[in-house]
Amino acid sequence: METTDAFIGLTCVDCEETFDAAAATHRCPDCGGILDPDYDYDRVDLTPATLDARPDGSMWRYAELLPFPAETAVSLGEGATPLVECPALADAMGVGRVLLKDEGANPTGTFKDRGQAAAMTAAREHGASEVALNSAGNAGQAAAAYAARADLDAHVFLPSRAGFTQKAMTEVHGADLTVTDPVDGNSQIGDAGKAYAEAIEEHPEWYSTKTFVTPYRHEGKKTMALELLAQLDWEVPDGVVYPTGGGVGLVGMHKAAREARDLGWTDELVPMYAAQAAGCAPVVRAYESGAERHEPLDDDEVDTACNGIAIPDPGASGLILEAIRESDGGAVATTDREILDAAIEVARAEGLEVGATCAAAVSGAFALAESGEFGPDDTVVLLNTGAGNKDVDALRAHLGEREAEAEANE
């Protein structure tokens, strides 16, 4: 494998053993735990001044803190997304400053591109010819796109509740798509996971790019934190509110914030806040109860239209909870109505298009400000993890319902 100078291997978050990345490809060979890319930070030849002089073309601008050099990356130009000032939201929220990190500007329209770029690079470096994963929707589309870029065959397993755009574009990119049949209504992410597990057992040669099975998806997504800190001239915001399902991006961003602090680029960690839908909020429940990990929800307990964060059993909730507690952040859940109202408010007040799922960060930030978590001098960053047109049906349907209610009340 061709790797960066500082990358020394993969360390298990459970047993803390470190493995050669050429030999260990997915979970820990000893205990089955999650593997995390590890670095010798004394060998990281990078400073904020160096970055300031470097073109801001993609997430590979930060390659010294990634496992693979930019020249070997499977890339579509992911990253380098805008951090947009939102003065109307700041006024409405009663805080000093609101900025929106717009991941909808990525090649397939979501932050999933960052993770798949890193995971697909690893797959190619390991000599894979076929990749596979299950997904709620966006990661499947991204995997199909990056597999096409890497000249790999992709097998994508989606629940029936995944959006039409994600299903359609997965096939357009040439992936083999399996939409799991609903047993009673729409099938869920867990059904797609079961179908994926059965298929991977039949095809052990398939290379998994599934969340926290590959060690590289959260590593690619950590570049969101490096970017926003660079965009803020390495001034740490008072909070980053993140729409949380599996929590891969939140965990990755927290890792990057620790790296930036330990390298002396910042003075403190970035406070991370997990925002969930009230109809599927296992992380929020665990945080509020003081638990170290979540209690899984049954599929029939999931009651939210926010497909991307409808994850009833996030496998790495312990890492999510550790991140928000270590960073002095928090967790918040809001209703679907509040989330969809927030998406419409952002579109009308700021002109920005926020995905229906992603608007959980907006409504969550409003709830946090109302509770006193954010004050009048605070800088709050909202992570819009996907483009508004990913959820256009949900947004337009909600707008129609609002208009009908308004007419009925006249």
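None of these values were measured; they are calculated from a predicted model. (Residues numbered from 1 in each chain as written. Predicted model: local features only at pLDDT ≥ 70, side-chain atom pairs only at ≥ 80, totals over all residues. Heavy atoms only, no water.)

Across the sheet, which stays open at both edges, the four strands sit in the order β8-β7-β6-β9 with parallel pairing between neighbours. The outermost strands of the open sheet, each flanked by one partner alone, are β8 (176-180) and β9 (207-208). Pairing between strand β7 (residues 153-159) and β8: five bridges, direction parallel. From the neighbouring strand, Phe-157 faces β8, where its bridge partner is Thr-178. (Pairing = 2+ DSSP bridges. Helix = DSSP H or I, 4+ residues; strand = E, 2+ residues; numbered from the N terminus.)

A word on the pairing of strand β10 (residues 239-243). Burial of β10 is extensive: five of the five residues sit out of reach of the surface. Neither face of β10 is exposed, since Gly-239, Val-241 and Pro-243 on one face and Val-240 and Tyr-242 on the opposite face are all buried. Both β10 and strand β13 (residues 379-384) contribute to a ladder of three bridges, which runs parallel. Its bridge partner being in β13, Val-240 is matched across the sheet by Val-381. One ladder, built from four bridges, connects β10 with strand β11 (residues 272-277); its direction is parallel. (Buried < 20%, exposed > 50% of the residue type's maximum accessible area, 1.4 Å probe, protein only.)

To continue, consider the side chain of Thr-385. Along the chain, Thr-385 falls in the loop between β13 and α14 (392-409). According to the relative accessible area criterion, Thr-385 is buried, its value standing at 5%.

Bringing the side chain of Asp-113 into the picture now. Looking at the element boundaries, Asp-113 is found in helix α3 (residues 112-125). In this structure Asp-113 is buried but unpaired, with Lys-390 as the nearest side chain of opposite charge at 7.0 Å. (Lys, Arg positive; Asp, Glu negative; His and termini not counted. Salt bridge = Lys/Arg side-chain N within 4 Å of Asp/Glu carboxyl O.)

Between helix α8 (residues 223-231) and helix α9 (residues 248-262), whose axes approach to 7 Å, the crossing angle comes to 50°. Our classification of the angle between α8 and α9 gives oblique. Of α9, the residues touching α8 (which contributes Met-224, Ala-225, Leu-226, Leu-228 and Leu-229) are Gly-249, Met-253, Ala-256 and Ala-260. Residues belonging to the contact of α8 with α9 are distributed by class as follows: eight nonpolar, one polar and no charged. (Axes fitted to C-alpha atoms, helices over the stretch in contact; angles between N-to-C directions. Parallel < 35°, antiparallel > 145°, perpendicular 65-115°, else oblique. Contact = heavy atoms within 4.5 Å. Nonpolar A, V, L, I, M, F, W, Y, C, P; charged D, E, K, R; others polar.)

With that settled, the discussion passes to the packing of aromatic side chains. This model, assessed by the stated rule, comprises seven aromatic pairs. Judged by centre distance (5.8 Å) and plane angle (50°), the ring pair of Phe-7 and Tyr-39 falls under tilted. Of this pair, Phe-7 sits in strand β1 (residues 7-12) while Tyr-39 sits in strand β3 (residues 35-39), placing them 32 residues apart in sequence. Neither Phe-7 nor Tyr-39 differs from the other in exposure class; each is buried. Between Tyr-273 and Phe-374 the ring centres are 5.1 Å apart and the planes differ by 75°, which places this aromatic pair in the edge-to-face class. In this pair, Tyr-273 is assigned in strand β11 and Phe-374 in the loop between α13 (360-370) and β13, connecting sequence segments 101 residues apart. (Phe/Tyr/Trp six-rings, centres within 6.5 Å; stacked < 30°, edge-to-face > 60°.)

Overall, antiparallel pairing links the three strands, which are arranged β2-β1-β3 in an open sheet. Here the strands that pair on one side only, and so sit at the sheet edges, are β2 (18-19) and β3. Relative to β3, β1 is paired through five bridges, and the arrangement is antiparallel. When the bridges of β3 are listed, Gly-9 appears paired with Asp-38.

The biggest cluster of nonpolar side chains holds 85 residues, and the ones touching the most others in it are Met-120 and Met-253. Looking at which domains feed residues into this core, each of domain 1 (83-110 + 215-400) and domain 2 (129-205) gives three or more. Excluding residues that lie within four positions of it along the chain, Met-120 makes contacts with Val-74, Val-131, Ala-143, Tyr-146, Ala-147, Ala-150, Leu-152 and Thr-209. Listed in part, the 35 residues of the second largest apolar core include Ala-90, Met-93, Val-98 and Val-346. (Core = buried A, V, L, I, M, F, W, Y, C linked by side-chain atoms within 4.5 Å. Domains from an automatic or database assignment.)

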